[in-house]
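Structure at a glance
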Amino acid sequence: MKVPKCGNLLFIGFMGVGKSTLAKELAKELKTVCLDTDKIIENMENKKIKNIFSTKGEEYFRELEQKVAIWLEKNVKNSIISTGGGFIAVGNLKKIGKIIYLKSSFDGIMKRLENHPKSKEKLAKRPLLQDRKRAKELFKRRSDTYKKLADITINVEKYKNKREMIKELMKLFDTNVSSR
Ligand code: S3P
């Protein structure tokens, strides 16, 4: 398998679609570093995302995302980066790296979360998933932006498991990324 000769690879997509899991798997495959924007923010604040939302509010969280985006653009190379679902609003996203959009239907995402062994935890840690109706509206509002920003789109519902998605990504890199 050819390792893509490029800068960073960024996973975008709605909450719970599996960005972190796949990013970690891909980093292992490419023998490189995996970063997660939510984890960076939690470390910056020494607080869980849920607590940042409840004590400082969403707007403050979005400012932190923008700070992280600038830091990533300036300081990070050849890494796999998993982003929070709303990270697409940062102004310099395209300058950080090539973008892989993990796409799924809203129902597919909810099913994936509900079937997870740590389902309760997975749902509870995401403030914007607490109200299902509002989450679905957010999903609809964001879908087009994800699509427009993507260099590569992976429809996660078409694959049996992570392994197959990684295989597909490695194939796509040869044509989409390594030539850039
Ligand atoms: C958010 C997604 C979350 C996290 C925060 C806000 C969003 O990350 O950044 O709760 O706005 O979609 P995940 O996409 O990893 O759940």
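Just so you know, the residues in each chain are numbered from 1, in the order the chain's sequence is written. Owing to the predicted nature of the model, reporting of local features is limited to residues with pLDDT of at least 70; listing and counting of side-chain atom pairs is limited to 80 or more, with chain, interface and lining totals taken over all residues. Computation of side-chain values: all heavy atoms of the structure, hydrogens and water removed.

1. Thoughts on helix α1 (residues 19–30)
The criterion, for reference: Helix and strand assignments come from DSSP, with helices taken as H or I runs of at least 4 residues and strands as E runs of at least 2, each series counted from the N terminus. Residue count minus one, scaled by 1.5 Å, sets the expected span of a helix. When accessible area is computed with a 1.4 Å probe and restricted to protein chains, residues below 20% of their type maximum are described as buried, those above 50% as exposed, and intermediate ones as partly exposed. The arc in question is formed by the directions pointing from the helix axis toward the C-beta atoms.
Compared with the 16 Å implied by 1.5 Å per residue over 12 residues, the 16 Å span of α1 between its first and last C-alpha is a close match. Of all the positions in α1, only Lys 19, Leu 22, Ala 23, Leu 26, Ala 27 and Leu 30 are classed as buried. Seen along its axis, α1 keeps its buried residues to an arc of 140 degrees; they face one direction. A positive backbone phi angle near 50 degrees is found at Lys 31, which sits one or two residues after α1.

2. As for the site of the ligand
For clarity, the threshold we go by: Neighbouring residues are identified by heavy atoms, a residue being near a molecule or strand if any of them is within 4 Å of it. Whenever two N or O atoms come within 3.5 Å, that pair is a polar contact, provided that in protein one can donate a hydrogen and the other can accept it, and provided that, for residues adjacent in sequence, both atoms are side-chain atoms. To be clear on the numbers: accessible area is Shrake-Rupley with a 1.4 Å probe, and residue cover counts the displayed protein chains and nothing else. Each residue gets one of three labels, nonpolar for Ala, Val, Leu, Ile, Met, Phe, Trp, Tyr, Cys and Pro, charged for Asp, Glu, Lys and Arg, and polar for the others, Gly among them.
What surrounds the ligand is a group of 14 residues, the closest being Lys 19, Asp 38, Arg 62, Arg 126 and Arg 142. In this structure, an oxygen atom belonging to the ligand sits 2.7 Å away from a side-chain N or O atom of Arg 142. For the ligand, the accessible surface in isolation is 390 Å², of which the surrounding protein chains cover 95%. Within the residue set of the shell around the ligand, elements represented by two or more residues are α3 (49–56) and α4 (58–75). Looking at the shell around the ligand, its residues break down into six nonpolar, three polar and five charged.

3. A look at the environment of Asn 161
The topology assignment puts Asn 161 in the loop between β5 (152–155) and α9 (162–176). For the pair Asn 161 and Lys 148, spaced 13 residues apart in the sequence, the C-alpha separation amounts to 25 Å. A distance of 3.3 Å separates the side chain of Asn 161 from the backbone nitrogen of Arg 163, its partner in a polar contact.

4. Details of the side chain of Glu 42
Formally: In what follows, a contact means two residues having at least one pair of non-hydrogen atoms within 4.5 Å.
By the secondary structure assignment, Glu 42 is in helix α2 (residues 37–45). Apart from the residues lying within four places of it in its own chain, the contact partners of Glu 42 are Lys 47, Lys 48 and Ile 49.

5. What to know about the packing of α3 against α4
Basically, it comes down to this: To obtain an axis, a line is fitted to C-alpha atoms, over the contacting stretch when the element is a helix, and the angle between two such axes runs from 0 to 180 degrees between their N-to-C directions. Working rule for angles: under 35 degrees goes down as roughly parallel, over 145 as roughly antiparallel, 65 to 115 as roughly perpendicular, anything else as oblique.
Two numbers describe how α3 lies on α4: the axes approach to 7 Å, and their chain directions differ by 125 degrees. Put simply, α3 runs oblique to α4. Listed contacts from α4 to Ile 49, Ile 52, Phe 53 and Lys 56 of α3 are Glu 58, Tyr 60, Phe 61, Arg 62 and Leu 64. For the contact of α3 with α4, a count of residues per class yields six nonpolar, no polar and three charged.

6. So, the packing of α2 against α3
Cut-off, in case you're wondering: Crossings are assigned a handedness: left-handed for a near helix turned anticlockwise from the far helix by less than a right angle, right-handed for a clockwise turn.
Packing of α2 against α3 brings their axes to within 9 Å, and their N-to-C directions diverge by 60 degrees. It follows from the interaxial angle that α2 and α3 lie oblique. At the point where α2 passes α3, the crossing takes the left-handed sense. In this structure, α2 uses Asp 38, Ile 41, Glu 42 and Glu 45 to contact α3, whose residues at the interface are Ile 49, Ile 52 and Lys 56.

7. Points about the pairing of strand β1 (residues 8–12)
The following threshold applies: Should DSSP find at least two bridges between two strands, the strands are regarded as paired.
Of all five residues in β1, five are buried, a share of seventy percent or more. Burial along β1 is two-sided: the face carrying Asn 8, Leu 10 and Ile 12 and the face carrying Leu 9 and Phe 11 are both buried. Looking at chain direction, β1 and strand β4 (residues 97–103) are connected through five bridges and run parallel. Residue pairing in the sheet places Asn 8 in a bridge with Gly 97 of β4.

Keep in mind that these numbers describe shape and distance, not what the molecule does.
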